[in-house]
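Structural overview
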Amino acid sequence: MSESTLRIGLVLPDVMGTYGDGGNAVVLRQRARMRGYDAEIVDISLSDPVPDSLDIYTLGGAEDSAQRLATRHLQRYPGLQQAAGRGAPALAICAAIQVLGHWYETSSGERVDGFGLIDVTTSPQDKRAIGEVATTPLIPGLSQPLTGFENHRGGTKLGGEATGLARVTRGVGNGVGDNLEGVVQGSVIGTYMHGPALARNPELADLLLARALGVDSLPPLDLPEVEQLRRERLRA
Ligand code: GLN
């Protein structure tokens, strides 16, 4: 962490933030505060340049046209790309995975250049993936099943530099036949899970938070309502 306050970037909530994805930043802030850290959310809208100095970045999903606007803005102000390059953690939900990849094709077949921050490409699939998704995590530090809600037409193919976040046990995930969900590369974690993902998956929230704070681990939080939500959603 750069200063005494953890600064959480909420990137373009005015155009990227379907299904309450902005809640991911709120969860990070709350879980930090409950451990005694000062934490604040820095809202970065379409009228702001994107700072490269924040401790962690969260990006939400978007429909195709909003996704175009976001891509253009992040191209013009590459603060996120610079921050991720120095190792700042970033959480990319749904459309944000696609934007951070090499390119994506919209439902109408138009190919749009992304940032190549992660080694993925995205093309529309025959059928939109909509519904609950449940997975088994594949990365060190995560042992609990992951749960979320997905709604996307794009299917994301991982290149050799990227690995899957999890293996799908229910739902579609990346949707290109490899049974993988999400992507991990360097300090970027991407997932198709809305929910918000970090409200449903506290282990993932704390993994990102620990990285942002520069600590090995965080003391557990006893939040029965979060466990109840998880149980309910994993059964749904
Ligand atoms: N527009 C993208 C797709 O359909 C992303 C959708 C989303 O972020 N919910 O694949």
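Residues numbered from 1 in each chain as written. Predicted model: local features only at pLDDT ≥ 70, side-chain atom pairs only at ≥ 80, totals over all residues. Heavy atoms only, no water.

Quick look at the overall build of the protein now. Within the protein one finds 7 helices and 12 strands. Relative to the compact-globule value of 18 Å for 236 residues, the protein shows a C-alpha radius of gyration of 16 Å, a close match. In terms of overall dimensions, the protein has a C-alpha envelope of 50 × 40 × 30 Å along the principal axes. A buried classification covers 54% of the 236 residues belonging to the protein. Sequence-distant contacts in the protein: of pairs separated by 6 or more residues, those separated by 24 or more amount to 68%. (Helix = DSSP H or I, 4+ residues; strand = E, 2+ residues; numbered from the N terminus. Rg over C-alpha atoms; globule rule 2.2 N^0.38 Å. Buried < 20%, exposed > 50% of the residue type's maximum accessible area, 1.4 Å probe, protein only. Contact = heavy atoms within 4.5 Å.)

In this section: the site of the ligand. Taken together, 14 residues surround the ligand, and among them Ala62, Asp64, Cys94, Arg153 and Gly154 come closest. Contacts to the ligand include Ala95, whose backbone N or O atom sits 3.1 Å from an oxygen atom. A distance of 3.0 Å separates an oxygen atom of the ligand from a polar backbone atom of Arg153. For the ligand, the protein covers 98% of the area, taking 300 Å² as the surface of the free molecule. Looking at the shell around the ligand, the elements with two or more residues in it are helix H2 (64-76), helix H4 (95-100) and strand S8 (146-158). Here the shell around the ligand gets 4 residues from one element, more than from any other, and that element is S8. Counted by class, the shell around the ligand contains 3 nonpolar, 8 polar and 3 charged residues. (Near = heavy atom within 4 Å. Polar contact = N/O pair within 3.5 Å; in protein donor to acceptor, adjacent residues only side chain to side chain. Areas by Shrake-Rupley, 256 points an atom, 1.4 Å probe, with all protein chains shown as cover. Nonpolar A, V, L, I, M, F, W, Y, C, P; charged D, E, K, R; others polar.)

Of the two faces of strand S12 (residues 188-191), the one lined by Val188 and Gly190 and the one lined by Ile189 and Thr191 are each fully buried. Relative to S12, strand S11 (residues 183-185) is paired through 3 bridges, and the arrangement is antiparallel. By the bridge assignment, Val184 is partnered in S12 with Ile189. What sits between S11 and S12 in their antiparallel hairpin is a turn of 2 residues, with Gly186 showing a positive phi close to 55 degrees. (Pairing = 2+ DSSP bridges.)

Our next topic: the pattern of salt bridges. Scanning the model with the defined rule gives 8 salt bridges in all. A salt bridge links Glu132 to Arg200; the nearest nitrogen and oxygen atoms lie 2.9 Å apart. Linking Glu132 in strand S7 (residues 120-137) with Arg200 in helix H5 (residues 197-200), this pair joins segments that are 68 residues apart in sequence. Owing to a relative accessible area of 16%, Glu132 belongs among the buried residues under this scheme. The partner of Glu132 in a salt bridge is Arg233, and the shortest N-O contact between them spans 2.9 Å. Within this pair, whereas Glu132 is found in strand S7, its partner Arg233 is found in helix H7 (residues 224-235), the two being separated by 101 residues in sequence. (Salt bridge = Lys/Arg side-chain N within 4 Å of Asp/Glu carboxyl O.)

Right, let's get into the pairing of S8. Burial analysis of S8 places 10 of its 13 residues in the buried class, the great majority of the element. The pairing of S7 with S8 spans 12 bridges and is antiparallel. Each residue of the ladder has a partner; that of Gly131, found in S8, is Glu150.

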